[in-house]
Amino acid sequence: MHHAFTIRALLKQLPVRIESAVAYSDRLLLGTATGALLIYQISETAPDKVPSVTLVETKKTFARKAIEYLGVIKEAGVLVCLAEGLVTLYDLHTLSNATPLGNTRGAHIIALHTGVDHIDGIPTLVSKLATYGKRKVVVLEWRDAEFYKSFEYSAAEKIVAMQFSAPGLLVLSTAREFLTLQLPRGQWDDLFPADTASLRTVAGGMSISHGTDTAGNSSENTLAPGASSGTGMWGSWALSLSGTSSDVQTTIARMPGDKLLLCHKDIGVFVNSAGKLCRNEYSEPMIFNRAPTGITYTSSYAIAASRNPVPPAQPLSSGATHDHTTMPRFNIEVRNIATQALVQSLLLTEEEPTYIFNGTGGKQVWAIGLHTVWRLMPAPIQQQVEDVLDAEQYDEAISLVAQSDNILEAEKEELTKKIRWLRARWLFRDQAKYEEALGEFTELGATPTEAIALCPERIAGELAEDPNDTESTAGNPASEHGDSETDALDKTASGKSSKQVVWKEALFAIMRYLTEHRRWLQQATREGKRELEYAVRVLDDDDDDDEISDEKSHLSSDSIQGSQYQSQDDNSLPHVRLKRLAFSLEQMNIPVPAMAQVVDTTLLKVYLECSPGLLGPLLRVKNHCDVEQSEGLLLERKRYLELVDLYHGKGLYRNALQLLQTQGKSADSGSLHGTYATVRYLVRLPADQFDLIVEYLQWPLQSGLSHKQAQEQVSDSGNEDDEDWPDPATIVSMVFADDRPAAETFPRSRVTSFLHQTSPALAIQYLEYVFVTWNDKTPALHDDMIAAYFDMLEEKHSDDDRSSLHEQLQQFLKSSSHYSPERALARLPDDRLFMERALVLSRLGRHEHALGLLVFSVANLSLAEQYCVENISQRADIFVLLLKLLVASPPADVIDNEAEEIRSGRPEDSIDQIEAKRTEIHRQYVGHLLATYPQSIPVADALPLLPPDMAFSHDIFVYLRSQLCTLDQDMRTKNVVRSLVAAEDLHARRQLSHLQSNFVVVSETRVCPQCLKRIGSGTAFAIVPGERKGQGQMVVHYSCWQRSRSAVSNGRDVSGDGSTASNEDVPAESPLGNKPQVEIKWA
């Protein structure tokens, strides 16, 4: 609760009993029990000063008996007086010219209303007076200050209260239910029963306890007075209550915003101008501490008066306890209309109030006793807002600012935002309502730094607020009370474990908040936005702070003389300045990257605290984390994998590789031990980082070779570390021989050179993948492949491995057509690799030299034969070349290994014997070649090569017989061909003679039978069969022939005499190319 009103007794111990009262302009009228009318003048010196009341006139004979009611219709200049059950109208200015309303005799309830109504589409100022008595309702209507008409409506039940909700709707209450009366139709409609159970049900069915809400955030609703009458925008209204409190059970009172409060006993509900329940605005009924006898309102508060309070409790003696049955009740309750919270309770000491009303549109509040008149003086709005902020009742402060009519509309929005800002901070730091607080910051458009600053320093970093710095934490209750930020965050929990739970809840809330904001920043980036607009808290300067501090000190005094209104003019509103709101919210454009860096860096810190598993997803994608801060945090927590991801995302590849290498060499680095983590990271690098890849790949390759050799030497060692230390072949497959785009774009010659330096086998592995997968035909790479094989053969290998290498090299030399034979030949040694040299020579077309190597250096006649078979397409006489070599001596430029091989089998033979043996072998193989490939060895070339002393073997016989059969077959084939050519010539001559005998003569006088025009020598024409049977060929224009074909296909007449030619009469015409071929002779 806070200090909203100060009550002052303006008139005390009047000698007469007050029965009614009304206030308007600067006049206060009091109706007495004797029928006298007391007229007082109200002197307002200043809005914050207590007014003085001066008796101006007393009309002792104003009425013969007690004046039960006084009301004013200011727009019509009418004073309404109810006395002796009769309503009388007086001139408001002279208080004379009494006009009794005879049809209102017996009236005891009156309601007034003034407002704008659209009559026939024209806005009209309408004032209405409604009275009830003798089971009838009488309504008098004024339009634009002129009396218009009166209406009477019969009531089926006794009416106990009524009030206008709109010019055309009257809300009434019987002892059992609430009703509405539509004017001027006179239609009655039921609303709901007038009992406490029904009011609870229609208002939402919420169970609400009675009592004072000391927190100021009660869910109770404050609702309107009973048996009160009111005016519209320009009128004043007053209440008249008579009888004891037990007689007042149901009341209807007007509230701001054209709302009514329907109250039965101590429970009330709101209805709007259409008579509908305001469920959206008020979900619960308003419950007073005691059934009110009268209710009035100001712009922010509902004020209820009650009778017969319980006497205040006496001071307690030592050890005594309260007796709750004697808890004091108060005469006047002040409740916030919006929040329904109990704001203030006032106990009048002079006497009990009988009723309460307001004047001048709700700006004045009067309480009337039997002999006393009080005025409720509102505290300045600055003081009220300051009080509720001091009490940390932020919802109350927001509602006060929104409802107050003493604050400029332009300032209301700004003040509301500031209060909501403080409320969000309070919810986060003092109430542990993190989600609600962060949602409030989001709605206000605050920068994420505002929420981050509320966290401890290990999360907020440089943004953390100093709990001892009152300037940086202006308006922060936790800071003003000296709580450290961690304590403020955890003070709602008890014990260490509870604090940890609360702290975790705060972290998870911050995490969700920052994650959502991160999505907004990413969306802004995708949309191309460079800046986003945020609300930024900017503290006022020192001079302003001093001034505001003085102002606050002045406002805190008990006297209302300290009001800070800047003008005494009623129409002028003050500029509200409060110490706790000594900051401004400015809309600033902040670059998206800068805000993203703050959000991502803080999110990383939060993940480290509560969810380390989310670090990877954050750092493996594009992020804006500050490298320096993040690096220190991750190193401190030994989160090396996440640090590698951070380096990678920022393009700091060398830093990442250096870290991986350092940790790989460390035995206690866990999953980073070994070279596998480094190799796996190298695979992630883009192609433009090739130099860096080569630089840091040397260590994994060398380590892999060393580790492999160590494993081979120790036969009983396990392979538990093989995954951490991959062998070089695996590394090459992962980094270079891979199907990812980066590997394909690497400079392949440089990759080959690098791998060749490490091991020729790695270069061979890589080049095989390049040739097979990417079909690379670059000659230099093929040459590098051959060079790698040559270097591999120079190394020490087992016989099986060496044989396998020879086969692979020979297969490559045969299959590849993209290497340079000249370069390969230059690299070949002279004293070995004869088979490979022969293959290279074959690529150069030097078959004779190649065959010489196969026969004499390789000493393998079968390979020479196979060579001839494979290369016969390149040279047809290749077998003849082989025969020459077999029957001749070894060439001088060829190393003769054949003789040495023969000698190894016959070591006792002489050189002549060895030569004789070789000659025998060669001649036998010559016979084999002649018998096997007779079609590839012409007899004219073979016979001169055979030595004279060579025996006539069976192979030679087979060869000669095959050659003779081939010659005979060739002769027979030539004869058949000759006969066929002669027959074809004869047929052509006969056909020519036939064509020459069939001709037509085209003369200068010949005309086209279709168009009857002359066929000239320069005209295209066609020769077609005659149109009639037996008719010969005709010569027609080509165009006429085409039209004739079209006409025949469409069934039209094309004959010259007009007769129709049927399809049977007209012969089918063939295209021009298919016409009978005739000779054309020009005459």
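The numbering scheme is per chain: residues are counted from 1 as the chain's sequence reads. Reporting in this predicted model follows two pLDDT cut-offs: at least 70 for local features of residues, and 80 or more for side-chain atom pairs to be given and counted; totals over whole chains, interfaces and linings ignore these cut-offs and use all residues. Just so you know, side-chain values use all the structure's heavy atoms and leave hydrogens and water out.

*Asks:* For this particular structure, what's the right way to read the overall build of the protein?
*Replies:* Across its full length, the protein holds 34 helices and 34 strands. Under the scheme applied here, a residue whose accessible area is under 20% of the maximum for its type counts as buried, over 50% as exposed, and between as partly exposed, the area being computed with a 1.4 Å probe on protein chains only. Residues classed as buried in the protein amount to 47% of the 1083 residues present. The contacts in the protein between residues at least 6 apart in sequence include a share of 60% that link residues at least 24 apart. Carbon and sulfur atoms form 49% of the exposed surface of the protein, whose accessible area is close to 52,000 Å². To qualify as a helix, a DSSP run of H or I must reach at least 4 residues; to qualify as a strand, a run of E must reach at least 2; elements of each kind are numbered from the N terminus. By definition in these notes, contact holds between two residues if any of their heavy atoms fall within 4.5 Å. For every accessible area listed, the method is Shrake-Rupley and the probe measures 1.4 Å; residues are considered covered only by the protein chains on display.

*Asks:* What is the right way to read the sheet that holds strand β27 (residues 364-369) from this model?
*Replies:* Strand pairs in the sheet, formed through backbone hydrogen bonds, run parallel or antiparallel to each other. Note on pairing: two strands pair once DSSP finds at least 2 bridges between them. The sheet built from four strands is open, its strands ordered β1-β28-β27-β26 with antiparallel pairing. Two strands bound the open sheet, and with one partner strand each, they are β1 (5-11) and β26 (353-359). Looking at each pair of strands side by side, their axes are set apart by 25° on average, direction ignored. For β1 and strand β28 (residues 373-378), the ladder comprises six bridges, and the chain directions are antiparallel. Between N-to-C directions, angles span 0 to 180 degrees; the directions come from axes that are lines fitted to C-alpha atoms, helices contributing only their stretch in contact.

*Asks:* What should I look at first to understand the pairing of strand β17 (residues 187-193) in this one?
*Replies:* The side chains of a regular strand alternate, residue by residue, between the two faces of the sheet. Relative to β17, strand β16 (residues 177-182) runs antiparallel, the two being bridged by six bridges. Of the residues in β17, the one forming a bridge with Q182 is Q187.

*Asks:* So what exactly am I meant to see when it comes to the environment of L672 here?
*Replies:* On the secondary structure map, L672 appears in the loop between α16 (653-665) and α17 (676-684). Relative accessible area serves as the criterion here: at 2%, L672 is assigned to the buried category. In this structure the C-alpha to C-alpha distance between L672 and L660, which are twelve residues apart in sequence, comes to 6.8 Å. Among residues more than four places away in sequence, those in contact with L672 are Y640, L641, L660, Q663, G664 and A677.

*Asks:* Explanation requested: the sheet that holds strand β3 (residues 27-32) in the structure shown.
*Replies:* Strand order across the open sheet formed by four strands is β2-β3-β4-β5, with antiparallel pairing between neighbours. Lying at the two open borders of the sheet, with one neighbouring strand each, are β2 (18-24) and β5 (52-59). For this sheet, the mean angle separating the axes of adjacent strands, direction not counted, is 20°. Summarising the sheet, strand β4 (residues 37-43) and β5 pair through seven bridges and their orientation is antiparallel. In the strand pairing of β5, Y40 is matched with L55.

*Asks:* Whenever I open this one, the nonpolar core confuses me. Can you help?
*Replies:* Soluble globular proteins tend to pack their nonpolar side chains together in the buried interior. We define the nonpolar core as a collection of buried residues of types Ala, Val, Leu, Ile, Met, Phe, Trp, Tyr and Cys that are connected through side-chain atoms lying within 4.5 Å of one another. By size, the foremost hydrophobic cluster in this structure holds 175 residues, and its most contacted members are F736, L755 and L851. When residues in this core are grouped by element, the largest group, eleven residues, is from helix α10 (residues 495-526). If we ignore the near neighbours within four places in the chain, the residues touching L755 are L701, V732, F736, P760, L762, A763 and Y766. In this structure, L10, L14, L28 and L38 belong to the second largest nonpolar core, which totals 17 residues.

*Asks:* Help me understand the packing of helix α27 (residues 847-857) against helix α29 (residues 878-887) in this model?
*Replies:* Two numbers describe a pair of packed helices, the interaxial angle and the distance between the axes. Closest axis-to-axis distance for the α27/α29 pair is 10 Å, and the angle between their directions is 50°. With respect to α29, the element α27 is oriented oblique. For the pair α27 and α29, the sense of crossing is right-handed. Touching H847, E848, L851, G852, V855 and F856 of α27 are I878, L881, L882, L885 and L886, all from α29. In the scheme used here, Gly and all other residues not listed as nonpolar or charged are polar, with Ala, Val, Leu, Ile, Met, Phe, Trp, Tyr, Cys and Pro taken as nonpolar and Asp, Glu, Lys and Arg as charged. Classifying every residue of the contact of α27 with α29 gives eight nonpolar, two polar and one charged. Orientation is classified from the angle alone, with under 35 degrees giving roughly parallel, over 145 giving roughly antiparallel, 65 to 115 giving roughly perpendicular, and any other angle giving oblique. For a crossing to be left-handed, the near helix must be turned anticlockwise from the far one by less than a right angle; the clockwise case is right-handed.

*Asks:* What should I look at first to understand the packing of helix α28 (residues 861-871) against α29 in this one?
*Replies:* Direction vectors running N to C along α28 and α29 enclose 155°, while the axes themselves pass 9 Å from each other. As judged from the angle between their axes, α28 and α29 are roughly antiparallel. Packed against α28, whose contacting residues are L861, A864, E865, Y867, C868, V869 and N871, the element α29 presents I878, F879, L882 and L886 at the interface. When its residues are assigned to classes, the contact of α28 with α29 shows nine nonpolar, one polar and one charged.

Keep in mind these values describe shape, not function.
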